[in-house]
Every structure is written in C-alpha cells, then in structure tokens.
Amino acid sequence: QEAQCGYVIIVMALFWCTEALPLAVTALFPVLLFPLMNIMDSTTVCREYLKDTNMLFIGGLLMAIAIENWQLHKRVALRVLLITGVRPALLLMGFMVVTAFLSMWISNTATTAMMVPIAQAVLEQLHKSETESSTAGQASEKINTAFELQEESTKPDSSKETEEKGEWVMGVFHLGIMEDDLMPSSLSLHHVLTVEEDRKRNGNLQEEKHKKLCKGMSLCICYSASIGGIATLTGTTPNLVLQGQVDELFPNNGNIINFASWFSFAFPTMIVLLVLTWIWLQILYLGFNFQNNFGCAASASAKAKEQRAYDIIKEESKKLGSMKFAEIAVLILFILLILLWFTRDPGFIQGWAAALFDKKDTSYVTDATVAIFISILLFIIPSDIANNDRDEQQTGNKSKIRAPPALLDWKVVHQKMPWNIVFLLGGGFALAKGSEESGLSSWIGSKLTPLQQIPHPAIALLLCLLIATFTECTSNVATTTLFLPILASMAEAICLNPLYVMLPCTLSASLAFMLPVATPPNAIVFSYGQLKVIDMAKTGFVLNILGVLTITLAINTWASSLFQLETFPSWANRTGLC
C-alpha cells in the first residue's frame with residue numbers, strides 16, 4: 001500500500017511539474033486511484049475535497065472580487081502614489097508598497113494586472129516630458145554656440161587662437177589638417193556637428209536610462225505582488241495549503257495557525273524582504289547615486305518633469321470621482337472582515353469566538369466562518385440607496401420601484417473565481433490523508449531518521465533552498481502540496497517541531513522570482529515586452545537568496561517564540577516515540 005500511494009504521488013508530481021494536464025484535473029487523480037488501489041474508499045477521499053480551508057479561500061476571494069468589481073483597489077493605489085510622489089526611488093517604493101498591500105488581500109494576479117498599466121502611464125509621461133525638456137534645452141544651446149562662433153569670426157587677428165582653442169576644446173581636430181587650411185566657417189561647421197553628436201549621445205543615454213527605469217518598475221510590481229501575498233493567510237494559496245495540512249495531519253493542534261498568528265509571523269518577514277528588494281532594484285536599475293534617486297539635487301527642469309508625471313496620477317484619480325455608496329459599503333465590510341479575523345483568537349487575550357460560541361474546549365467558529373459571513377452580506381447589501389435614482393414607471397396609477405442590485409452578483413463571481421484552486425487544495429488534502437492512511441508517511445519518516453545529526457537551522461535552510469528552486473518550475477500550490485506532508489513526517493521522525501520546517505518552506509514556495517512562467521504576476525509583466533528572461537533571472541537569483549536568508553532569520557528569531565518552535569509539541573507526537 002505504501003508503494004501504491006507513493007506511485008500516485010509520483011505520477012501527480014510529474015503531471016503537476018510538466019502541466020501535461022490542467023493542474024486541477026491532476027488534483028482529481030486520488031478520487032480515481034485511491035479507491036482502485038484499496039487505499040481509501042471513495043466517500044472518505046471525496047470528503048477531503050471541501051474542507052474548512054477551501055471555504056476560507058472562497059470567502060476571501062469573494063471579498064477580493066467585490067473590491068475589484070467596484071474599483072476600490074485602484075482608488076487606494078492612486079491615493080498612495082499621490083502621497084509618495086514621482087522621484088525615481090520614491091516612485092519605485094510607492095508602487096511596491098501599494099502592490100504588496102493590495103496583494104495581501106486580493107489575488108496577486110489581479111493586483112499585477114491593475115498596477116502595470118498605471119505604471120506604464122506614469123513612465124510614458126516621465127519619458128515624454130524628459131524628451132521635450134531635452135529638445136528645448138538643446139535648441140537654446142545651438143543658438144548660443146552659433147552666436148559665439150559669429151562673434152569669434154569677426155575678430156580676424158585672433159583666428160589662430162580660436163583654431164587652437166577649437167582643437168583642444170572639441171577634441172575633433174586630430175586629423176592632421178594644417179592650421180592655415182582652417183577657415184572660421186569650417187570651424188563653425190565642426191562645432192555644430194559636435195553639438196549634434198552630443199545631442200545624439202544624450203538622447204541615447206536618456207533612452208537607456210528610461211529603459212532601465214521601465215525594467216525596474218515592471219519587476220518591482222511582480223515581485224512585490226509575490227512578496228505581499230505571504231503576509232496574510234488568504235494572501236496566497238500555499239499559506240492555506242499549510243493551514244489545511246497542519247489541521248489534516250495534526251487534528252489536535254489547537255488551531256495553532258490562524259489569521260492572527262500567521263500575520264504576526266509573516267508580516268515582519270514581508271516588510272524585511274520588501275525593503276531588501278527595493279534596495280536591490282535601486283542598485284541594479286537606478287544606479288548607486290542615492291542622492292539622485294531621491295531627487296535631492298534636482299534642477300528646475302527635472303522638477304517640472306516630475307510635476308507633469310504627478311499630474312497624470314492626479315488626473316487618473318480625478319476620473320474616479322468621489323466615492324460611491326457601493327465603494328463605501330465594500331470598504332466597511334472589508335475593514336469589518338479584517339477586524340473579526342484578528343480578534344477571533346488573538347492569542348494574548350480571549351477572542352470573541354471563545355467568549356461567545358465555544359463550548360467545552362471545542363472551537364466551533366473558524367476564520368472560514370467569518371469569511372463566509374461577510375461574503376453572504378455582500379450578496380444582501382444593495383449597491384445603491386434606492387431613493388436617489390428611483391426607476392419609477394407609471395403602470396396605471398401605481399409607481400413601480402426597482403430595487404438596486406446587490407454589491408456582488410453571481411455572474412461576476414462566476415467569471416472571476418478561480419475554481420481550479422479549490423480542487424487543487426482538495427487534491428492536496430486527499431494526498432496527505434492517503435499517505436497517512438497507507439502508512440507511507442510513517443515509512444518516509446523512518447527512512448529520514450539519520451537527519452537527526454544535522455543541526456536544525458541547517459535542515460531548514462537547505463529545505464528552503466530546495467523549495468525555492470523547485471517552485472521556479474512548478475506551481476507554488478503544487479510544490480507545497482507535495483512537500484508539506486513529507487516534511488511533517490520527517491520532523492516527527494527526528495523529534496523536531498513540524499512547524500519549524502513547514503513554515504519556512506511554505507514561505508519559500510512564494511519566492512518564484514526568476515522565470516516568467518514561475519508565477520502569473522511574472523508572466524503578466526513579461527507580456528508587456530520590456531523585459532528579457534535574463535533580466536528576470538539575474539535580478540531574481542539574488543532575490544531568491546535574500547528571501548531564503550530572510551525566512552531563515554525569521555524562523556530562528558520572532559517565529560521561534562511565537563510558535564514555541566524549540567519544543568516538540570504534544571499534538572505532533574502521534575507515534576509516541578519522542
């Protein structure tokens with residue numbers, strides 16, 4: 001049975017890595033193969049496909065779809081960009097902060113798809129005003145040089161001096177032409193030619209600079225979308241896979257991974273990683289001149305240029321108009337959702353769930369309950385207050401009032417909901433359950449006992465590197481789904497807290513920075529055609545290393561005290577050997 005279950009896992013891993021079948025279809029394999037191999041009966045397998053975690057995912061996404069539907073995310077983005085301004089380094093920071101914040105709550109893909117066009121518009125405007133100001137500057141320069149030449153040619157006695165001056169200043173007369181041959185007129189011609197060359201060179205330099213800024217900007221958006229997702233439990237799917245797997249493999253864990261505990265671990269990690277990414281992108285694409293990047297030594301023309309780009313953002317913001325009733329309603333529900341999530345079981349005090357609903361040490365309410373509650377409200381609350389635009393139609397002598405539509409309707413949800421992820425999550429839980437039922441996980445665990453000799457931080461670091469490499473070529477959901485059950489049984493075998501390896505590996509699965517195919521945000525940014533694969537690989541390689549180091553730091557410092565990672569918890573001691 002262990003071998004049969006192992007076979008199913010290997011087949012699924014192959015199909016997930018090659019994407020020969022759609023990911024969600026591969027996730028349905030256990031439904032077919034487990035009953036045929038007598039590992040689990042069909043009812044038990046199918047029960048794994050819709051767990052509490054899937055419901056949390058659906059609830060979180062419904063909220064995200066409502067935010068997208070009413071353009072609330074665009075308003076937030078433009079408001080923040082108006083605060084940060086358009087100096088290169090600050091513009092980069094503004095886009096990164098907005099993208100990371102939004103992708104904490106709505107899907108990374110939607111965030112990127114919205115932010116890239118805004119960035120393109122701002123960059124285009126910067127470039128346009130740059131070329132305009134430089135042509136204006138060069139025109140005035142040309143007039144000056146012509147004027148000087150005329151003045152000089154009116155003094156015939158000093159023409160010799162002029163020629164020598166020309167030779168040294170311009171550095172173009174190294175052709176061995178006799179001084180007598182040079183007439184002031186030919187000198188002026190040379191002068192103008194050199195001005196032309198300079199102008200071309202300046203133009204090329206500007207193009208180069210603009211290209212670099214475009215690359216840096218595009219990368220900062222897709223990277224911060226991936227980094228922002230790690231901060232919240234619903235921000236990216238691997239986090240939910242972890243929560244589901246921990247609940248699946250260790251049923252009595254006392255709800256150790258919930259919204260509040262995850263946030264307090266992952267949010268600081270995200271901040272550190274975001275700052276490092278910002279500095280690295282600056283070094284690569286804006287150059288070392290930090291004074292210049294922050295626009296401290298900006299000239300008047302540069303300031304005017306920035307003003308024009310700033311006006312573009314202002315214009316976009318104006319187009320949205322004032323906040324509509326629907327936007328305000330969605331915003332209030334969103335804030336309510338986050339408050340309820342944080343206060344349900346904050347850890348340091350008793351949460352509202354424990355006080356109101358829990359009986360005899362059983363927790364009835366989970367984060368999914370809250371998400372679904374708010375989602376249902378989205379379908380109930382109207383998107384407008386009826387009285388301001390009543391659609392009154394006189395039918396006979398009665399006036400007919402049409403109710404405004406709700407904040408969300410099923411048609412929109414149907415278009416925007418990635419249902420495949422629900423199956424993917426389910427397939428992962430079915431695999432975990434199957435490997436436990438068949439005895440595969442305990443067999444793997446027993447084979448991994450020699451790892452006890454290696455220091456624990458080294459194990460965590462190596463696993464992070466392995467997963468960060470693996471996730472470049474496969475979907476991050478598939479990566480976490482395959483690895484987490486194996487890591488759990490390994491940790492059990494060597495009496496190490498399972499979370500000590502499971503947490504860092506879940507975060508590492510989001511470090512897909514090197515290839516355009518690694519994650520949808522990378523693909524979106526790549527499709528705009530400003531990046532080459534080598535740009536992404538070069539930048540992403542260093543970021544992967546930085547990411548793994550940041551995660552290792554987190555797991556050995558603040559996470560260690562948060563989850564008591566030095567001790568082996570009683571809920572993980574299923575074999576009774578530790």
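Please refer to the structure placed before this passage.
Residues numbered from 1 in each chain as written. Predicted model: local features only at pLDDT ≥ 70, side-chain atom pairs only at ≥ 80, totals over all residues. Heavy atoms only, no water.

Novice: Is there a simple way to think about the overall build of the chain in this case?
Specialist: Secondary structure summary: the chain contains 26 helices and two strands in total. Taken as a whole, the chain presents about 27,300 Å² of accessible surface, with 63% of it coming from carbon and sulfur. (Helix = DSSP H or I, 4+ residues; strand = E, 2+ residues; numbered from the N terminus. Areas by Shrake-Rupley, 256 points an atom, 1.4 Å probe, with all protein chains shown as cover.)

Novice: Whenever I open this one, the environment of Pro 405 confuses me. Can you help?
Specialist: By the secondary structure assignment, Pro 405 is in the loop between strand 2 (398–400) and helix 18 (410–416). Classification of Pro 405 as exposed rests on a relative accessible area of 58%. Between the alpha carbons of Pro 405 and Ile 381 there is a distance of 8.6 Å; along the sequence they are 24 residues apart. Setting aside residues no more than four positions away along its own chain, Pro 405 makes contact with Pro 382 and Ser 383. (Buried < 20%, exposed > 50% of the residue type's maximum accessible area, 1.4 Å probe, protein only. Contact = heavy atoms within 4.5 Å.)

Novice: In this structure, what is going on with the pattern of salt bridges? I would like to understand it.
Specialist: Where charged atoms of side chains with opposite charge meet at close range, the side chains can pair. Enumeration over the complete set of coordinates arrives at eleven salt bridges. Lys 416 is the salt-bridge partner of Glu 68, the closest N and O atoms lying 3.9 Å from each other. Of this pair, Glu 68 sits in helix 5 (residues 52–69) while Lys 416 sits in helix 18; the two residues are 348 residues apart in sequence, bridging distant segments of the chain. In this structure, the salt-bridge partner of Glu 437 is Lys 433, at a minimum N-O distance of 4.0 Å. (Salt bridge = Lys/Arg side-chain N within 4 Å of Asp/Glu carboxyl O.)

Novice: Just to check I follow, could you spell out the packing of helix 20 (residues 440–447) against helix 22 (residues 476–493) for this structure?
Specialist: Packing of helix 20 against helix 22 brings their axes to within 8 Å, and their N-to-C directions diverge by 55°. As summarised for this structure, helix 20 and helix 22 are arranged oblique, according to the angle between their axes. Here helix 20 runs over helix 22; the crossing is right-handed. Contacts from Ser 441, Ile 444, Gly 445 and Ser 446 of helix 20 reach helix 22 at Ile 486, Ser 489 and Ala 493. A per-class count over the contact of helix 20 with helix 22 returns three nonpolar, four polar and no charged. (Axes fitted to C-alpha atoms, helices over the stretch in contact; angles between N-to-C directions. Parallel < 35°, antiparallel > 145°, perpendicular 65-115°, else oblique. Left-handed = near helix turned anticlockwise from the far one by under 90°. Nonpolar A, V, L, I, M, F, W, Y, C, P; charged D, E, K, R; others polar.)

Novice: Before we go on, may I ask you to explain the nonpolar core in this structure?
Specialist: Counting residues in each nonpolar core, the largest one holds 157 residues, and the members touching the most others are Phe 95 and Phe 265. With twelve residues, the single largest contributor to this core is helix 12 (residues 259–285). Dropping the residues within four chain positions of it, Phe 265 is found in contact with Leu 503, Leu 507, Ala 554, Ile 555, Trp 558, Ala 559, Leu 562 and Phe 563. (Core = buried A, V, L, I, M, F, W, Y, C linked by side-chain atoms within 4.5 Å.)

Novice: Mind showing me how you'd approach helix 6 (residues 72–84) here?
Specialist: Since the α-helix turns once every 3.6 residues, residues separated by three or four places project in the same direction. Across its 13 residues, helix 6 extends 19 Å between first and last C-alpha, which sits within 8% of the 18 Å expected from 1.5 Å per residue. The set of residues buried in helix 6 consists of Leu 72, His 73, Arg 75, Ala 77, Leu 78, Leu 81, Leu 82 and Thr 84. Immediately downstream of helix 6, the backbone of Gly 85 shows phi near 85°, a positive value. (Expected span 1.5 Å × (residues − 1).)

Novice: Can you help me understand the packing of helix 12 against helix 25 (residues 533–556) in this one?
Specialist: To characterise two packed helices, one gives the angle between the axes of the helices and the distance between these axes. Between helix 12 and helix 25, the least distance of the axes is 10 Å, while the angle of their chain directions is 150°. With respect to helix 25, the axis of helix 12 lies roughly antiparallel. Here helix 12 runs over helix 25; the crossing is right-handed. When helix 12 is examined against helix 25, the residues Phe 265, Thr 269, Val 272, Leu 273, Leu 276, Thr 277, Trp 280, Leu 281, Leu 284 and Tyr 285 are found in contact with a partner set consisting of Asp 535, Lys 538, Thr 539, Val 542, Leu 543, Leu 546, Gly 547, Thr 550, Ile 551, Ala 554 and Ile 555. For the contact of helix 12 with helix 25, the per-class residue count stands at 14 nonpolar, five polar and two charged.

Novice: I would appreciate a short explanation of the packing of aromatic side chains in the present structure.
Specialist: The relative placement of two aromatic rings is captured by the distance of their centres and the angle of their planes. Following the criterion strictly, the structure yields 16 aromatic pairs and no others. Both rings, one in Phe 259 and one in Trp 341, keep their centres 4.4 Å apart while their planes meet at 20°; by these two values the pair is stacked. Of this pair, Phe 259 sits in helix 12 while Trp 341 sits in helix 15 (residues 325–344); the two residues are 82 residues apart in sequence, bridging distant segments of the chain. The two residues Phe 259 and Trp 341 agree in class, both being buried. Each member of the aromatic cluster is reached from another via a ring pair, and the members are Phe 101, Trp 105, Phe 259, Phe 263, Phe 267, Phe 334, Trp 341 and Phe 342. (Phe/Tyr/Trp six-rings, centres within 6.5 Å; stacked < 30°, edge-to-face > 60°.)

Novice: Would you explain the environment of Leu 213 in this entry?
Specialist: Among the structural elements, Leu 213 can be located in helix 10 (residues 184–229). Sequence-wise, Leu 213 and Leu 284 are 71 residues apart; in three dimensions their C-alpha atoms are separated by 9.8 Å. The contact partners of Leu 213, leaving out residues within four places of it in the chain, are Leu 123, Leu 126, Tyr 285 and Leu 286.

Novice: What is the right way to read helix 17 (residues 367–380) from this model?
Specialist: In a regular helix each residue adds 1.5 Å, so 14 residues correspond to 20 Å; helix 17 covers 21 Å between its end C-alpha atoms and thus fits that length. All of the buried residues in helix 17 are Asp 367, Ala 368, Val 370, Ala 371, Ile 374, Ser 375 and Leu 378. The arc that holds every buried residue of helix 17, seen down its axis, measures 160°, which confines them to one face. (Arc of directions from axis to C-beta.)

Novice: Hey, could you run me through unusual backbone geometry in this one?
Specialist: Among all residues save glycine, negative phi is the norm, and among peptide bonds the norm is trans. Within the chain, Gln 71 stands out as a residue other than glycine whose phi angle is a positive 60°. Looking at the element boundaries, Gln 71 is found in the loop between helix 5 and helix 6. The exposure class assigned to Gln 71 is partly exposed, which follows from its relative accessible area of 35%. A positive phi angle is found at Asn 255, which is not glycine, with a value near 55°. Note on placement: Asn 255 falls in the loop between helix 11 (237–249) and helix 12.

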